[in-house]
Amino acid sequence: MLGVELSEGLLRDVCTVASIRKSLIPGVVILSLDCQGSKVELDLLKELLVVSEGSKTEYTLSREKPEYDEKKDFVAWGYVVSKKNIEATPPKQKLIVSLWGYMVMIESSENINNCFNVMDKVYFKLKHS
């Protein structure tokens, strides 16, 4: 896969974990992912971390519950809370998802805002690739 895969109700991309840093919230880390067609930043409980800095990973954001390996993958559900257009060169779009308070921000030059509506229930999956 080259770039972000997108369709109605689905985003998927292959990434490298650029950094894992401490949050101001105790026990929470912030992951930064550099992906082929997008950038992702997300909050996560340290105990639920399934990737390490520098490792290859893949994320999926979908309306349908994805298949996953309970022992290897992180999967959570939440809601799309915001869609934004960012003035940049090239122009970018940003989706913000709340996984029960933990935030996932996906930014891309692709047309990702057409894949979901605000308040869509979505599943976020993170796995080693």
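Residues numbered from 1 in each chain as written. Predicted model: local features only at pLDDT ≥ 70, side-chain atom pairs only at ≥ 80, totals over all residues. Heavy atoms only, no water.

**Topic: the nonpolar core**
Core analysis: the largest hydrophobic core is formed by 29 residues, its most contacted members being Leu11, Leu33, Tyr59, Leu61, Phe124 and Leu126. Among the elements that line this core, the one with the most residues is strand β3 (residues 28–35), at 4 residues. Discounting chain neighbours no more than four positions away, the residues touching Phe124 are Leu42, Tyr59, Thr60, Leu61, Phe74, Val75, Ala76, Leu99 and Val104. (Core = buried A, V, L, I, M, F, W, Y, C linked by side-chain atoms within 4.5 Å. Buried < 20%, exposed > 50% of the residue type's maximum accessible area, 1.4 Å probe, protein only. Helix = DSSP H or I, 4+ residues; strand = E, 2+ residues; numbered from the N terminus. Contact = heavy atoms within 4.5 Å.)

**Quick look at the pairing of strand β8 (residues 102–108)**
Taken together, the 4 bridges between strand β4 (residues 39–45) and β8 define a ladder with antiparallel strand orientation. Across the sheet, Glu41 pairs through a bridge with Met105, a residue of β8. Relative to β8, strand β7 (residues 92–99) is paired through 7 bridges, and the arrangement is antiparallel. Counted as the bridge partner of Lys94 is Glu107 from β8. Between β7 and β8, which pair antiparallel one after the other, the connecting turn spans 2 residues, and Trp100 there sits at a positive phi close to 55 degrees. (Pairing = 2+ DSSP bridges.)

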